[in-house]
Structures are given as C-alpha cells and as structure tokens.
Amino acid sequence: MKPRLGQHFLIDQRILERIIRYADLNGSDTVLEIGGGNGILTRKLAEVAGGVVTIELDHDLADGLVSMTRDTNVTVIQGDALKVELPYFNKIVANLPYQISSAITFRLLDAGFEHAVLMYQLEFAKRMLAAPGTPDYSRLSVTAQYHANIEMLETVPPSAFKPQPRVKSAILKLTPIEAPYQVNDLDFFNRLLKVVFGQRRKMLKNSITAGAPILGIPVENISRLDEDILKRRPETLTPQELAELSNIIRHDV
Ligand code: SAM
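Residues numbered from 1 in each chain as written. Predicted model: local features only at pLDDT ≥ 70, side-chain atom pairs only at ≥ 80, totals over all residues. Heavy atoms only, no water.

A. View of the environment of Ala 212. Inspection of the secondary structure assignment puts Ala 212 in helix α8 (residues 204-215). Assessed through its relative accessible area of 2%, Ala 212 is described here as buried. Sequence separation of Ala 212 and Leu 192 is 20 residues, and the distance between their C-alpha atoms is 9.2 Å. Not counting the four nearest positions on each side in its chain, Ala 212 is found in contact with Ile 217 and Val 219. (Helix = DSSP H or I, 4+ residues; strand = E, 2+ residues; numbered from the N terminus. Buried < 20%, exposed > 50% of the residue type's maximum accessible area, 1.4 Å probe, protein only. Contact = heavy atoms within 4.5 Å.)

What follows is the structure, given as structure tokens:
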C-alpha cells in the first residue's frame with residue numbers, strides 16, 4: 001500500500017452497488033475511472049458500461065489491472081491522471097485519490113462530460129457544496145458551482161475502506177451546466193477569489209487593496225466599487241456578486 005497515493009480501497013459491497021446505480025450507465029457509455037487500484041470498481045463498471053478506461057499511476061496496480069481485464073471492454077492507462085492525454089469518455093466514476101481532488105476535478109470539468117459520480121473527502125465535498133454565509137463557503141465553492149450542479153449522494157464512513165482513511169468521505173454527483181452568470185475574465189476572477197478568500201476575515205477593501213499587485217490592477221480601480229460592498233467580507237457575497245465585482249475592477253474595462 002502507498003498511502004501517499006491515496007490507496008484506500010473500497011470494501012463495502014453495498015456502497016459499490018449504489019455507486020453503480022447512481023452512475024446510471026448503459027451499453028452506449030464509455031466511463032472514465034481515475035485510480036483503478038485493485039479493480040473492485042473497474043470490474044463492476046465493465047459489467048454495465050459499453051467501455052471503461054481506467055487511469056492508474058501505480059505501476060504494480062496498473063499491471064494487475066491489465067492482467068485482470070485482458071480481453072474485456074476495459075482499457076488501462078498507466079500514468080498520472082493530471083498529466084496523461086485524456087481518452088474519449090462521456091461519464092466518470094471514481095473513488096478519487098484525495099490528494100489530487102481539486103486539480104483533477106477542474107481538469108475533468110474542462111474536458112467536459114455528461115455526469116460524474118465521485119468519492120471525495122467529506123470536508124472537501126462540503127466546501128464544494130457550500131452556500132454563501134456558511135463557514136465552508138470558499139473559492140472552491142464558487143468555482144465548482146460555476147461549472148457544475150453538485151449533489152451530495154451519501155456520506156461514507158472510514159470503515160468502508162481498507163486500509164481505513166482517517167477521515168470520512170462523501171459521494172457527489174457533478175453535472176456540468178451553462179455558465180450561471182457572466183464572468184468577463186475567468187482567470188482574473190480566479191485570482192480575485194484567491195486574494196479575497198485567502199484573507200476571509202478581512203473586509204474586501206483591505207484584501208483587494210493588498211492584493212492589487214497580484215491582480216495586476218491599479219489601486220484606483222477599487223474606487224469603482226460601492227462603499228457598502230467594500231465593507232463586507234467575501235463569504236457574505238453570492239458567487240454572482242463576486243463575479244460582478246471582478247468584472248468591474250478588472251484592469252482593461
Ligand atoms: N478504484 C479503487 C477503489 O475504488 O477502491 C481504488 C481507489 S484509491 C482511493 C485511489 C487510486 O488512485 C489508487 O489506486 C492510487 O494508486 C491511484 N492514484 C493516485 N494518484 C493518482 C494519479 N495522479 N493518477 C492516477 N491514479 C492515481
């Protein structure tokens with residue numbers, strides 16, 4: 001076992017069955033799995049989908065998956081899911097290696113898919129789902145909800161895995177959506193979210209002033225914003241309000 005690769009294998013058959021049900025697969029689907037591991041989920045996916053592509057970083061586990069799935073509808077890619085060229089797929093099902101949760105989620109959202117059923121650390125899942133004004137509301141909540149409708153399917157205890165992780169997990173369903181509000185410059189918006197949520201106890205006026213050099217904007221741009229807004233803390237603003245703020249202070253508007 002290599003804990004640094006997030007190798008916690010699902011052992012609870014009932015949860016496995018429910019993941020398959022949530023994924024709503026049929027013979028015309030090609031499913032992408034991140035981190036095939038010992039193949040417990042891979043084999044189930046292969047029974048219901050037209051094809052399965054699993055990406056596994058660990059050489060020994062990837063070799064095991066290749067022998068296990070020879071002459072089936074499963075293709076094994078040995079490599080880093082953050083770096084390999086992604087194959088064709090229309091749905092995703094994965095018990096994710098938690099250390100790459102954020103990076104892989106945004107890589108997959110960028111690639112596009114119909115829906116994804118993904119297991120995350122519970123704390124991470126809560127941040128993805130969080131609403132404005134709650135303690136878990138963060139940059140991740142805003143950016144994830146900009147790209148997808150996110151649904152909590154169930155929480156999963158450590159005892160569902162071997163070896164057991166120290167934390168609880170959760171299964172989420174992600175369905176990509178059309179942009180729910182206008183963002184003129186997504187890269188700038190991301191940097192602004194980093195600046196304001198990086199200092200979430202500060203009023204926006206202070207965090208944006210301190211972050212102006214990182215944002216590459218003259219401090220004067222901040223005066224374009226309403227004084228009342230500037231006195232607020234980032235977690236009190238809706239994603240749409242944050243986007244409006246970003247559109248207003250962006251350098252070249
Ligand atoms: N699919 C199995 C299951 O459901 O029990 C294993 C899931 S385990 C939580 C995560 C798997 O992802 C491990 O097998 C690990 O080796 C693999 N992994 C870790 N980092 C990876 C990466 N960057 N790219 C692809 N696979 C990775």
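Structure shown, so let's carry the discussion forward.
B. Region of the structure containing the layout of surface pockets. If you add up the space inside the largest pocket, you get close to 390 Å³. Leu 5, Gly 6, Gly 35, Glu 56 and Pro 97 are, among the 29 residues lining the largest pocket, the residues nearest its centre. When contributions to the lining of the largest pocket are tallied by element, the ones reaching two or more residues are β1 (9-10), β2 (30-34), α2 (40-48) and β3 (51-56). In terms of residue class, the lining of the largest pocket is built from 16 nonpolar, ten polar and three charged. (1 Å grid on protein atoms, 1.4 Å probe; cavity = no way out; pocket = protein on both sides within 12 Å on 5 of 7 lines; lining within 4 Å. Points joined across faces, edges and corners; volume = space filled by probe spheres on them. Nonpolar A, V, L, I, M, F, W, Y, C, P; charged D, E, K, R; others polar.)

C. Representation of the site of the ligand. The immediate surroundings of the ligand are formed by 24 residues, with Gln 7, Leu 10, Gly 35, Glu 56 and Asn 95 found nearest. The separation between a nitrogen atom of the ligand and a polar side-chain atom of Glu 33 is 3.2 Å. At a separation of 2.9 Å, a nitrogen atom of the ligand approaches a polar backbone atom of Ala 81. The protein chains hide 99% of the 610 Å² of surface that the ligand would expose on its own. Given that more than half its atoms are within 2 Å of the pocket grid, the ligand belongs to the largest pocket. Residues of the shell around the ligand, tallied by class, amount to eleven nonpolar, nine polar and four charged. (Near = heavy atom within 4 Å. Polar contact = N/O pair within 3.5 Å; in protein donor to acceptor, adjacent residues only side chain to side chain. Areas by Shrake-Rupley, 256 points an atom, 1.4 Å probe, with all protein chains shown as cover. Sits in = over half its atoms within 2 Å of the grid points.)

D. Focus on the packing of helix α7 (residues 186-198) against α8. Two elements in contact, α7 and α8, have axes separated by 9 Å at closest approach and are oriented at 130°. Classed by the angle they form, the pair α7 and α8 counts as oblique. Between α7 and α8 the crossing geometry is right-handed. Across the interface between the two elements, Phe 188, Arg 191, Leu 192, Val 195 and Val 196 from α7 touch Leu 204, Ser 207, Ile 208, Gly 211, Ile 214 and Leu 215 from α8. Residues of the contact of α7 with α8, tallied by class, amount to eight nonpolar, two polar and one charged. (Axes fitted to C-alpha atoms, helices over the stretch in contact; angles between N-to-C directions. Parallel < 35°, antiparallel > 145°, perpendicular 65-115°, else oblique. Left-handed = near helix turned anticlockwise from the far one by under 90°.)

E. Just the pairing of β3, in detail. Taking burial as the measure, the six residues of β3 include six buried ones, the bulk of the element. The alternating pattern of β3 places Gly 51, Val 53 and Ile 55 on one face and Val 52, Thr 54 and Glu 56 on the opposite face, and all of these are buried. Both β2 and β3 contribute to a ladder of five bridges, which runs parallel. In the strand pairing of β3, Val 31 is matched with Val 52. Considered for its hand, the β-α-β crossover made up of β2, α2 and β3 is right-handed. Where β3 lies against strand β4 (residues 74-78), five bridges are found, and the strand directions are parallel. (Pairing = 2+ DSSP bridges. Right-handed = clockwise from strand over helix to strand, strands pointing away.)

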